[in-house]
Amino acid sequence: EPEVTQTPSHQVTQMGQEVILRCVPISNHLYFYWYRQILGQKVEFLVSFYNNEISEKSEIFDDQFSVERPDGSNFTLKIRSTKLEDSAMYFCASSGFDTQYFGPGTRLTVL
Amino acid sequence: DAKTTQPTSMDCAEGRAANLPCNHSTISGNEYVYWYRQIHSQGPQYIIHGLKNNETNEMASLIITEDRKSSTLILPHATLRDTAVYYCIVRGGLNTNAGKSTFGDGTTLTVKP
């Protein structure tokens, strides 16, 4: 069964550093998403991406964040200058025209 | 903001059916009801979805009331591995840009031996 995959599973970085989180969506999906979950809190929507552009973004997704689909398979989330409060689980998701499927997540720890 | 209301927690005995309710009184005509679960901090796992008819798959059954204002997820024979947070989400359906999923707090289901 096709799955969304994410790398790395855990990323530790210093405050102010740039990080790139990578996702491989399910191959025939058209819509791509990033969510995050701070420890003990709800899963929060960050951004959705369709047809090589952002279709919706939340207030969390400020200028420090960017997304890219650099090739036909990968979908990336870049945080330019990480802050302590960016520490969270980051989940990628993809969908065709209906069901979203989520990846296993990347745990980002900012020190 | 989440458009669904779920109980904070529920217990279920192993081997028994777990019935998880969800209220979605403001659901729109083209919105589906989706259920996901999250075990520890793993990625949300899709369980089932439906529009107005009852649905069943290998994991669960979904019962949606006739007025579509509420639904119940049924795990017919709960196991210890079904212990998780269960999320009920309403979202645009087939052949639409169905958009983001809005997660609430969900129901923490604890299956006990």
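Computed from a prediction, not measured in an experiment: that's the story for all the values here.

Participant: It is not clear to me how the overall build of chain B should be interpreted in this structure. Could you clarify?
Facilitator: A tally of helices and strands in chain B yields zero helices and nine strands. N-terminal to C-terminal, the α/β element order of chain B is β-β-β-β-β-β-β-β-β. Rg of the C-alpha trace for chain B: 13 Å, near the compact-globule value of 13 Å for 113 residues, within the 12% margin. Summed over all atoms, the accessible surface of chain B reaches about 5700 Å², with 46% contributed by carbon and sulfur. Charged side chains in chain B number 10 positive and 10 negative. The centres of these two groups are separated by 3 Å.

Participant: Would you explain the sheet that holds strand S3 (residues 31-38) of chain B in this entry?
Facilitator: Neighbouring strands of a sheet are bound in pairs by backbone hydrogen bonds; such pairs are parallel or else antiparallel. Residues and elements named next belong to chain B. Spatially, the five strands line up as an open sheet ordered S1-S9-S8-S3-S4, and their pairing is mixed. For this open sheet the edge positions go to strand S1 (9-13) and strand S4 (45-50), each flanked by a neighbour on one side alone. Neighbour-to-neighbour, the strand axes of this sheet turn through a mean angle of 25°, independent of strand direction. Direction of pairing for S3 relative to S4: antiparallel, over a ladder of five bridges. Across the sheet, valine 33 pairs through a bridge with glycine 50, a residue of S4.

Participant: Honestly, the sheet that holds strand S6 (residues 61-64) of chain B in this entry has me stumped. Any pointers?
Facilitator: Read from one edge to the other, the open sheet built from four strands follows the order S2-S7-S6-S5 (chain B), with strand pairing classed as antiparallel. Lying at the two open borders of the sheet, with one neighbouring strand each, are strand S2 (18-23) and strand S5 (55-56) of chain B.

Participant: When you look at the environment of phenylalanine 103 of chain B in this model, what are you seeing that I'm missing?
Facilitator: On the secondary structure map, phenylalanine 103 of chain B appears in the loop between strand S8 (84-92) and strand S9 (107-112). Put simply, phenylalanine 103 of chain B and aspartate 67 of chain B are 36 residues apart on the chain and 23 Å apart in space, counted from C-alpha to C-alpha.

Participant: So what exactly am I meant to see when it comes to the state of the cysteines here?
Facilitator: A covalent bond between the sulfur atoms of two cysteines is what we call a disulfide. All names here are of chain B. Inspection of every chain in the model, using the stated rule, returns two disulfides over all chains. Disulfide partner of cysteine 22: cysteine 88, at an S-S distance of 2.1 Å. Residues cysteine 22 and cysteine 88 share a disulfide whose torsion about the S-S bond is about -80°; that sign makes it left-handed. Here cysteine 22 is found in strand S2, whereas its partner cysteine 88 is found in strand S8, with 66 residues between them in sequence. Here cysteine 12 is not cross-linked by a disulfide; its sulfur's nearest cysteine counterpart is in cysteine 22, at 18 Å.

Here is what the cut-offs are and how they apply
- Per chain, residue numbering runs from 1 following the sequence as it is written.
- Note on labels: chains are lettered from A, ligands numbered from 1, in written order.
- Where local features are concerned, this predicted model is filtered to residues with pLDDT of at least 70; where side-chain atom pairs are given and counted, the filter is 80 or more; whole-chain, interface and lining totals use all residues.
- Each side-chain value is worked out from all heavy atoms of the structure, with water and hydrogens disregarded.
- Helix numbers and strand numbers start at the N terminus; a helix is a DSSP run of H or I with at least 4 residues, a strand a run of E with at least 2.
- When we talk radius of gyration, it's over C-alpha atoms, and the globule rule is simply 2.2 Å times the number of residues to the 0.38.
- Here the accessible surface of atoms and residues is derived via Shrake-Rupley with a 1.4 Å probe, and residues count as covered only by protein chains that are part of the display.
- All tallies of charge rest on Lys and Arg as positive and Asp and Glu as negative; His and the ends of each chain are not included.
- Each charge is placed at NZ for Lys, CZ for Arg, CG for Asp and CD for Glu.
- One bridge is not enough; two strands pair if DSSP finds at least two bridges between them.
- Fitting a line to C-alpha atoms yields each axis, with helices limited to the stretch in contact; the angle taken between N-to-C directions then spans 0 to 180 degrees.
- When two cysteine sulfur atoms are found within 2.5 Å, that pair is recorded as a disulfide.

Bear in mind that shape data such as this cannot, by itself, settle questions of function.
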